[in-house]
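# Observations on the three-dimensional arrangement
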Amino acid sequence: MDLVHPEVRSSPEQTASQSQAVIISHVPLPLEPPTTAKEDADPVASLVEHSHFRKWWRQPLNFWNARKRLSSPQRIAEIEPCSDQIENINMNQGGSPAQDVLDEFNRYVMNDIPIRLIYLPTMELVGRNFVKTHFQDRIKEITEDLIAENQARVIPPWTRERVIPTLVSGKVEYGILSHRWLDTGEPSYQDMMEKKLSGSPNVRHSSSNITSWLKEGRHALHMSRDPSENEVQSPGYNKLQKCCEEARRLDLHFLWSDTCCIDKNSSAELDESIRSMFRWYRNSSICIAYLGGTTVIEDLRLEEWFMRGWTLQELLAPRKIKFFNKDWQRLTEQDDDKEEDTPLMTALHEVTGIPETELIDFSPIPQYIDKRMTWAAQRKTTRAEDVAYSLMGIFDVSLQIAYGEGGERAFGRLIEAIMQAGGDSSVLNWAGEPAKHHASFALPASPASFVGHPDIVTIGRLDLMLTSRGLRIPLVILPLDMTKPEFDGRSIENPKFRCPHHDIGEVRIDSRGYRFGAILKQYALGIFHYIPAEDSANPGLPKQVAAYLLERNEVEAQEIPLGLSRQYRSFEDGWRRVPTGFIYLELPGVPDFTSLLYVSRTCLQTVYL
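This write-up is about the structure you can find in this document. Not measured: the values here are computed from a predicted model. The numbering scheme is per chain: residues are counted from 1 as the chain's sequence reads. Under the rules for a predicted model, residues below a pLDDT of 70 receive no local features and side-chain atom pairs below 80 are neither given nor counted, while totals for whole chains, interfaces and linings still include all residues. Excluding hydrogens and water, the side-chain values take into account all heavy atoms of the structure.

Helix numbers and strand numbers start at the N terminus; a helix is a DSSP run of H or I with at least 4 residues, a strand a run of E with at least 2. Within the chain one finds 22 helices and 19 strands. In the chain, which comprises 609 residues, the proportion classed as buried is 52%. Contacts are residue-level and defined by heavy atoms, with any inter-residue pair within 4.5 Å sufficient. Nonlocal contacts in the chain, meaning residues at least 24 apart in sequence, comprise 74% of its contacts between residues at least 6 apart. Surface exposure here means Shrake-Rupley accessible area, sampled with a 1.4 Å probe, where a residue is shielded only by the protein chains that are shown. Total accessible area on the chain is roughly 28700 Å²; 49% of this is exposed by carbon and sulfur atoms. The classification of residues rests on relative accessible area computed with a 1.4 Å probe and restricted to protein chains. Under 20% of the type maximum is buried, over 50% is exposed, and intermediate values are partly exposed.

Right, let's get into the packing of helix α6 (residues 99-111) against helix α10 (residues 160-171). Helix axes are fitted only over the stretch in contact, all axes being lines through C-alpha atoms; the angle between N-to-C directions runs from 0 to 180 degrees. Two elements in contact, α6 and α10, have axes whose closest approach is 10 Å; the angle formed by their N-to-C orientations is 55°. One element, α6, and the other, α10, form an angle in the oblique class. As α6 runs across α10, the sense of the crossing is right-handed. Contacts between α6 and α10 involve Asp 100, Val 101, Glu 104, Phe 105 and Tyr 108 on the former and, on the latter, Arg 160, Ile 164, Pro 165, Val 168 and Ser 169. Gly falls in the polar group here, along with every residue not listed as nonpolar (Ala, Val, Leu, Ile, Met, Phe, Trp, Tyr, Cys, Pro) or charged (Asp, Glu, Lys, Arg). Broken down by class, the residue content of the contact of α6 with α10 amounts to six nonpolar, one polar and three charged. Comment on the angle field: the value is read as roughly parallel under 35 degrees, roughly antiparallel over 145, roughly perpendicular from 65 to 115, and oblique elsewhere. Put simply, a crossing is left-handed when the front helix is turned counterclockwise from the back one by less than a right angle, and right-handed when it is turned clockwise.

Another point: the side chain of Thr 311. Relative to the assigned elements, Thr 311 resides in helix α16 (residues 311-316). Judged by relative accessible area, which is 0%, Thr 311 ranks as buried. For Thr 311, the residues in contact, after removing those within four places along its chain, are Ser 178, His 179, Trp 305 and Arg 379.

Points on a 1 Å grid, built from protein atoms alone, make a cavity when a 1.4 Å probe fits but cannot get out and make a pocket when they are open with protein on both sides within 12 Å along at least 5 of 7 lines; residues with an atom within 4 Å of a point are the lining residues. Grid points are joined across faces, edges and corners, and a volume is the space filled by probe spheres set on the points. On inspection of all chains with the given rule, the structure shows three cavities of 30 Å³ or more. Taken as a whole, the largest cavity holds about 80 Å³ of empty space. Trp 430, Ala 547, Tyr 548, Gly 581 and Ile 583 are the residues nearest the centre of the largest cavity, which is lined by 15 residues in total. Broken down by element, the residue count for the lining of the largest cavity peaks at four residues, all from strand β15 (residues 544-553). Counted by class, the lining of the largest cavity contains 11 nonpolar, three polar and one charged residues.

Our next topic: the pattern of salt bridges. Within this document, salt bridges are pairs made up of a side-chain nitrogen of Lys or Arg and a carboxyl oxygen of Asp or Glu, the two lying within 4 Å of each other. Within this structure, the stated rule accounts for 22 salt bridges. Across the pair Arg 472 and Asp 463 runs a salt bridge, and its minimum N-O distance is 3.4 Å. A relative accessible area of 21% places Arg 472 in the partly exposed class. Residue classification places Asp 463 among the partly exposed positions, given a relative accessible area of 49%. The residue Lys 521 makes a salt bridge to Glu 551 at a minimum N-O spacing of 3.9 Å. Of the two residues, Lys 521 is situated in strand β13 (residues 521-527) and Glu 551 in strand β15; the sequence distance between them amounts to 30 residues. Here Lys 521 falls in the partly exposed class, since its relative accessible area comes to 21%. For Glu 551, a relative accessible area of 6% corresponds to the buried category. Among the ionic contacts, a cluster of salt bridges with common partners joins Glu 104, Arg 107, Asp 112 and Arg 279.

Quick look at unusual backbone geometry now. Of note, the amide linkage connecting Ile 155 to Pro 156 takes the cis form, showing an omega dihedral of -5°. Considering the arrangement of structural elements, one finds Pro 156 in the loop between α9 (144-151) and α10. The phi dihedral of Asp 396 falls on the positive side, at around 60°, and the residue is not glycine. The topology assignment puts Asp 396 in the loop between α21 (392-395) and α22 (407-422).

Another aspect to go through is the nonpolar core. Buried together is how nonpolar side chains tend to be arranged in soluble globular proteins. Here, nonpolar core means buried Ala, Val, Leu, Ile, Met, Phe, Trp, Tyr and Cys residues that are tied together by side-chain atoms lying within 4.5 Å of each other. Of all hydrophobic cores here, the largest spans 144 residues; its most connected members are Phe 323, Met 373 and Leu 428. In terms of residue count, strand β10 (residues 470-482) provides more of this core than any other element does, eight residues in total. Discounting chain neighbours no more than four positions away, the residues touching Met 373 are Leu 391, Phe 395, Phe 411, Leu 414, Ile 415, Ile 418, Pro 447 and Phe 450.

A few words on the side chain of Ser 284. As for its placement among the helices and strands, Ser 284 is situated in the loop between α15 (267-283) and β7 (286-290). Two N or O atoms form a polar contact when they lie within 3.5 Å of each other; inside protein one atom must be a possible hydrogen donor and the other a possible acceptor, and for residues adjacent in sequence the pair counts only when both atoms belong to side chains. Looking at Ser 284, its side chain comes within polar contact range of the main-chain oxygen of Tyr 281, at 2.8 Å. If near-sequence neighbours (up to four positions away) are discounted, Ser 284 is found in contact with Tyr 174, Ile 176 and Pro 318.

Our focus in this paragraph is helix α14 (residues 235-249). With 15 residues, α14 extends 21 Å between its outermost C-alpha atoms, agreeing within 8% with the 21 Å of an ideal straight helix rising 1.5 Å per residue. Three or more residues of α14 are buried, namely Gly 236, Tyr 237, Lys 239, Leu 240, Gln 241, Cys 243, Cys 244, Glu 246, Ala 247 and Arg 248. Two residues or fewer past α14, Asp 251 is found with a positive phi of approximately 65°. Each helix should span, by expectation, one fewer than its residue count multiplied by 1.5 Å.

Further remarks concern the environment of Phe 450. For Phe 450, the location among the structural elements is in the loop between α22 and β9 (465-467). Among the residues examined, Phe 450 registers a relative accessible area of 0% and is labelled buried. In this view, Phe 450 contacts Ile 369, Asp 370, Met 373, Thr 374, Phe 411, Ile 415, Ser 426, Val 427, Asn 429, Trp 430, Pro 444 and Phe 582; residues no more than four positions away in its chain are not counted.

The next thing to look at is the packing of aromatic side chains. Pairing of aromatic rings covers Phe, Tyr and the six-membered ring of Trp, with a centre-to-centre limit of 6.5 Å; geometry is then stacked below 30 degrees between planes, edge-to-face above 60, and tilted otherwise. If you walk through the whole model with that rule in mind, you get 19 aromatic pairs. When the centroid spacing of 4.9 Å and the interplanar angle of 45° are considered together, the rings of Phe 528 and Tyr 548 count as tilted. Remark: Tyr 548 occurs in strand β15 and Phe 528 occurs in the loop between β13 and β14 (540-541); sequence separation between them is 20 residues. Note on accessibility: Phe 528 and Tyr 548 belong to one class, buried. What links up through ring pairs into an aromatic cluster is the set Tyr 119, Phe 130, Phe 135 and Phe 254. Against the face of Tyr 608 rests Arg 469, its NZ or CZ located 4.1 Å from the ring centre. Criterion for a charge above a ring: Lys NZ or Arg CZ within 6 Å of the ring centre, and within 35 degrees of the ring normal. Its end group placed over the ring of Trp 430, Arg 577 keeps NZ or CZ at 3.9 Å from the ring centre.

On the secondary structure map, Asp 463 appears in the loop between α22 and β9. Taking the C-alpha atoms as reference points, Asp 463 and Gln 420, separated by 43 residues in sequence, lie 8.4 Å from one another. If we ignore the near neighbours within four places in the chain, the residues touching Asp 463 are Arg 472, Ile 473 and Pro 474. In this structure the side chain of Asp 463 is engaged in a polar contact, spanning 3.4 Å, whose partner is the side chain of Arg 472.

On strand β8 (residues 321-324), burial covers both faces: Ile 321 and Phe 323 on one face and Lys 322 and Phe 324 on the other are all buried. For two strands to count as paired, DSSP must find a minimum of two bridges between them. One ladder, built from four bridges, connects β7 with β8; its direction is parallel. Among the inter-strand pairings, Cys 287 is bridged to a residue of β8, identified as Ile 321. Handedness of a crossover is defined as follows: with both strands directed away from the viewer, a clockwise route from the first strand across the helix to the second makes it right-handed. One crossover worth recording links β7 to the parallel β8 by way of α16, and it is right-handed.

The exposure class of Ser 284 is buried, given its relative accessible area of 7%. Once the C-alpha coordinates of Ser 284 and Pro 318 are considered, the two residues, 34 residues apart in sequence, prove to be 6.7 Å apart.

Pasting the structure below:
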């Protein structure tokens, strides 16, 4: 599974002179840090020292401590201050922003950015409270004049409630990495947090002590320069190092990578990360996309990055993206590769099949389901369930993460969530065999079920719901006559159908290998592409309609007297969807695409498929 991303920024509360001293003395440091004799000899003392250092945002540092901090070995650690130290940010000095600005800042940082990020100046993993402290001075730049200026930039003017979130998100900056995971050698969260504790041959620590230190935030774990100890020469580690270097060049202080910024041993954290992934990419300042199999633009057609499931949302979600080839050279000269009318954008459209307008400015909504599913149809994921989970953000829905449920069950839950969120009829525009679902045989099995769909224009929202009886859906039912051949006891393929209503006549249906038995059944078109009837009005059909082929057992209609009777239509005798190809036809009675054919309300039936 391909996961998570980062952020970057400056240091917490310091005096002006101290802050300046830190910035002047800062040089981008290598990811693999040297160790000192003191740290090798006494790792516990190193932990205590850094535990004391965690107080640096509570009291100013002198110049010596600042120099000592920057000249000390690089660390990869997670620093999370105590809640009572930072719960309420003191912004009363130097002009305090309005309360609604502070409220939005707190909400945004604690909800809309990754759980932890790599702090690039020190190469430590830091939490949201650290990020909140880091950006507090930038939030002070959001003045009343700036708010009023941004409100007046558009006509009609934006409301204050709309302007403030935009200004706040622009102040909290971080970069995010998109890449194809390697089979081995990717640095994990546990690698980052446990290397030093497990690497010292002279000191042994119990697992309980290590756990307690992690919970207390008393750890600043060091990465050794010895490749044999930390495997810093692995391709995955070098990839992370190069990404951090590029982020520094962009003047970022935070970065997120799905390899090492997620504690995948925590089911709660993994669940939140997967559900929030699209939002984290969307809120990043820039996405750094590494194409490990590409040298020039012409290589994109064979690039594996475009064949993976998770990278679809990593392509669409960021507002700004920059592609790098396998040698970490820029693929183009632009600062942002999401620009119109460029050779790269043309190549991306050809490789992905996604329109350039969607590549540049994508909106996550539960609409155009058939088109968007085809973008993911050829992509692969390591875990079967990730086919569904990686599409949540694209359709702006949320699912509970349940690895082990199976790919078809997870995809069925995704379809159900999309139906409930939008009721867009394009979610029904699929063909072929349904998923193996306990409640319905009218749910698609995968994004591949939508490939080859006819183009339909959404013209209304349908009342769709998955129930214990099946998928409840209102359809316009038009009976069909099947030309019954001389059955010799064997089933047949591709029989001829004719619709006697509205001058439709012959209906061509690709049975896709489905064989029709000799038992007499009733057949009908179940049209799902129509304008729903409002109140007592009749449903309207456009010139081109999409439909399912439905069948049910024949039951002779007769008067049913009171008392016992064997003549009835049971649930099993209701309409069932036949797994055929796409059914798309034009109505002769409709003169053009701006007209509608209104049919009797009696044709509209709520069925359970």
